[in-house]
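Spelled out from the first residue to the last, the chains are:
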Amino acid sequence: MTVSVTNEKTPCGASSVLRGEKQDLSAGAAGDIPPRNTSAPVVRRPRPRGRKLWLFLLPSGIVSLFILVYPLAYALYLSLFSYYLDTGASHFVGLGNYVDLLGDTRFWSSLERTVLIVGSSVALEFGVGLAVAYGLYRLTFGVRTLNLLMFLPHIITPVVAALFLKWIFAPRWGLLSSLLIAAGIFPPDFLGDPIWARVVVVLADAWQFTPFIVLVLYAGLNTVDQSQIEAAQLDGAGGLQILFRIMLPSIRPLIVFVLAMRIMDAFRYFDTIYVLTSGGPGTATETITMYTYSLAFRLFQIGKASALGVLTLLIVLALTAILIFVFGRNKETS
Amino acid sequence: MMTRRLPRLSQMLLFLALCAFAAAMLTPVVWSLLTSIKQPIDAFAIPPKWIFTPTLDFHRAVWVDKGFAGFLFNSVVISVCTVCLSVSIGTMAAYGLSRMRGNAARGILIGLLTMRMFPHMLLVIPFFMLAKFLNLIDTYPAMVLALVAINQPFTIWLMHSFFADVPTEIDEAGAIDGANEWQTFYRLVLPIVRPGLWVTALFSLLLAYNEFLFALVLTGPHTKTLPVAIAEYGGEDLNYWSLSAAAAIGIMLPIVAFMMFLQRHLVRGLALGAVK
């Protein structure tokens, strides 16, 4: 009995559900199997499966109720209070926190910064990632080793990854700064200058997530129907034409899925910024996540921070929904 | 497959270009590795030195004298407990979902996927408050439960993808032979997905080992995990650079081993949100 656990078949099972494809959740239901001996009157009744299956969900369900559903409900509840952790002062304000936040310039600028940082890094990751994935696809040797080597930045502990980068960009003693000094160029303060700090944060995100994009796109490119490519070649299409006209459209659901994942992640992007700049200098790299952290654990405004968490969730849900509806659906209509 | 062939020269150039890219990606890692085995006088030389007499003093110092061995112990206890709890209940749930018919299972799976969207900030605040009320800050259970909470959706999805590959005829054969639901699951189906179980366990381990935000908020002096410890040590003080570089490299080593082991399964695991 061998079971295929390779990744070719479903590079990501999640994407097919996202696109609303019918997942084979109940593969081979008992009733579909034709009786082996049709001549004999078969009295074997198909076993009504699914009778006690919910019991298997019970342990996880109960645990999740206590540690996932309850805390989330509690966060929602907290968001309706003005609650200062240090003094313990707490009173009900209804939607006051939300109204506050919507009129708060720091909220809007952190949102703007998040969008800017996410947009630049996803564009960079996608551009570089596609080029590298296509390169790997065309390469006939050493692919596995290269893939593995360039994958390392994605898998190391994010805090450690951020420190590695800090030692590159640190003023004066960092690798980049000292190389520039040795070359006679006075280096900018990469982490202390508002513009450079943002560039470094974008590069840090790209450093960690380009390998992910490469891996997923490479797996996707390999699933493209070879006969289609050959047909296009016979018609005289060049390599890039084939890439953009045939291969990319056919892995479009995968691309939408990856983009959706990156958007969700981006609103959780915390570790790296915390270590690299801690949102600074000033608030130059303060994303919405960093702002929530500051509200809760530096300013101790638990209620307002919870409200910001809820708002973040709503933003992520909206963005993902838009992405899936705009890019995920076109395929069926056109 | 002639279609994918490039001329030999182009192949070489492509290979070199990709090698250059990989080298660029690995520069920060290599640089830190070098820093961790350099004497300070070499580490802070301008221009940077690539040839020097290596030393392992800092590696020994950080793990033995600076207490990182203790943080490693905390990390291991928390990660292993998380995996045991999360994978055992998650596997059962995944099996149930993979064998259920109708829309209920699909609804639950999509619900779990939505959980992946939840900003961790939204979850860490109530967890912190609850842990505070229950006096669980700086204890292992608080951290383990938090990690199980963020691990569950991922574990269930990944295990579900393995169970979905097992034909239900196996279950039916078991039922005909008189096995009850539990025996079918435990004796028949689970052994088949054992490789998947290992993959899931290792990914969950990695997720727990790498976690920072919850550890930052929920742990204290007694339960501090490696990521929190190294972040506090930071790169602030020049005197500590070599030490923290040594710690950072040490934290990374198990992950390198892990990657070698799991390379075939990276796509499946990562697409479902392992690591981050």
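Cut-offs and rules
- Residues numbered from 1 in each chain as written.
- Chains lettered and ligands numbered in written order.
- Predicted model: local features only at pLDDT ≥ 70, side-chain atom pairs only at ≥ 80, totals over all residues.
- Helix = DSSP H or I, 4+ residues; strand = E, 2+ residues; numbered from the N terminus.
- Buried ≥ 20, exposed ≤ 12 C-beta atoms within 10 Å, placed from the backbone.
- Contact = placed C-beta atoms within 7 Å.
- Core = buried A, V, L, I, M, F, W, Y, C linked by C-beta atoms within 7 Å.
- Nonpolar A, V, L, I, M, F, W, Y, C, P; charged D, E, K, R; others polar.
- Axes fitted to C-alpha atoms, helices over the stretch in contact; angles between N-to-C directions.
- Parallel < 35°, antiparallel > 145°, perpendicular 65-115°, else oblique.
- Left-handed = near helix turned anticlockwise from the far one by under 90°.
- pLDDT = per-residue confidence, 0-100.
- Expected span 1.5 Å × (residues − 1).

K.L.:
Quick question: what am I supposed to make of the overall build of chain A here?
P.N.:
When you go through chain A residue by residue, the secondary structure sums to 14 helices and two strands. With 334 residues in all, chain A has 41% of them scored as buried. When contacts within chain A are restricted to residue pairs at least 6 apart in sequence, long-range pairs at least 24 apart make up 68% of them.

K.L.:
When you look at the overall build of chain B in this model, what are you seeing that I'm missing?
P.N.:
Assigned secondary structure in chain B consists of 14 helices and zero strands. In sequence order, chain B lays out its α and β elements as α-α-α-α-α-α-α-α-α-α-α-α-α-α. If you line up chain B on its principal axes, its C-alpha atoms span 75 × 65 × 30 Å. Counting across all 276 residues of chain B, residues that qualify as buried make up 50%. For chain B, the share of sequence-separated contacts (at least 6 apart) that also reach a separation of at least 24 residues comes to 77%.

K.L.:
How should the nonpolar core be read in this particular structure?
P.N.:
Proteins that are soluble and globular tend to have nonpolar side chains buried together. If you look at the biggest cluster of nonpolar residues, it comprises 169 residues, and the most contacted ones within it are B:I125, B:A146, B:F214, B:L218 and B:I230. When residues in this core are grouped by element, the largest group, 17 residues, is from helix α8 (residues 194-221) of chain A. In this structure B:F214 touches B:V124, B:F127, B:M143, B:A146 and B:L147, once residues within four positions along its chain are discounted.

K.L.:
Explain the interface of chain A and chain B to me, please; I cannot follow it from the model alone.
P.N.:
The figure often quoted for interface size is the accessible area lost as the parts come together. At the interface, 103 residues of chain A touch 100 residues of chain B. Per-element accounting of the side of chain A that touches chain B gives the leading share, 14 residues, to helix α2 (residues 54-78) of chain A. In terms of residue class, the side of chain A that touches chain B is built from 69 nonpolar, 24 polar and ten charged.

K.L.:
I'm lost on unusual backbone geometry in this one. Help?
P.N.:
Trans peptide bonds make up most of the peptide bonds, and negative phi angles are found at most residues other than glycine. A positive phi angle is found at A:S278, which is not glycine, with a value near 55°. Looking at the secondary structure, you find A:S278 in the loop between α12 (271-276) and α13 (288-297). Its identity is not glycine, yet B:D138 carries a phi of approximately 65°, on the positive side. Structurally, B:D138 can be placed in the loop between α6 (120-133) and α7 (140-163). Classification of B:D138 as partly exposed rests on a count of 15 C-beta atoms within 10 Å.

K.L.:
Teacher, can you tell me more about the packing of helix α12 (residues 226-233) of chain B against helix α13 (residues 241-262) of chain B here?
P.N.:
Packed helix pairs are characterised by how far apart their axes lie and by the angle those axes make with each other. Residue and element names in this part refer to chain B. At a minimum axis separation of 10 Å, α12 and α13 run at an interaxial angle of 160°. The angle between the axes of α12 and α13 places the two elements in the roughly antiparallel class. The hand of the α12/α13 crossing is left-handed. Listed contacts from α13 to L226, I230 and Y233 of α12 are S244, A247, A248 and I251. Here the residues of the contact of α12 with α13 are counted per class, giving six nonpolar, one polar and no charged.

K.L.:
I tried to follow the environment of B:V62 on my own but got confused; where do I start?
P.N.:
All names here are of chain B. Along the chain, V62 turns up in helix α3 (residues 57-65). Exposure remark for V62: the 26 C-beta atoms within 10 Å place this residue in the buried category. Placed 185 residues apart in sequence, V62 and A247 show a C-alpha to C-alpha distance of 6.3 Å. Not counting residues up to four positions away in its chain, the partners in contact with V62 are F68, L243, A246 and A247.

K.L.:
Just to check I follow, could you spell out the confidence of the model for chain B for this structure?
P.N.:
Close inspection of predicted coordinates is inappropriate for parts of the model with low pLDDT. Here chain B averages 85 in pLDDT, while 92% of its residues score no lower than 70. We note a pTM of 0.83 for the whole complex and an ipTM of 0.87 for its interfaces.

K.L.:
Please clarify how the environment of A:F126 should be interpreted in this entry.
P.N.:
Mapped onto the elements of the fold, A:F126 is located in helix α4 (residues 105-138). The spatial distance from the C-alpha of A:F126 to the C-alpha of A:S306 is 32 Å, given a sequence separation of 180 residues.

K.L.:
Quick question: what am I supposed to make of the confidence of the model for chain A here?
P.N.:
Looking at chain A, the pLDDT average stands at 80 and 83% of residues meet or exceed 70. The low-confidence segment residues 1-43 of chain A, where pLDDT is below 50, has 70 contacts with residues more than four positions distant or belonging to other chains.

K.L.:
So what exactly am I meant to see when it comes to helix α5 (residues 103-117) of chain B here?
P.N.:
Side chains three or four residues apart in an α-helix point the same way, a direct result of the helix having 3.6 residues per turn. Taking 1.5 Å per residue, 15 residues should reach 21 Å; α5(B) reaches 21 Å between its end C-alpha atoms and fits that length. What α5(B) keeps buried is the set B:A105, B:L109, B:L112, B:M115 and B:M117.

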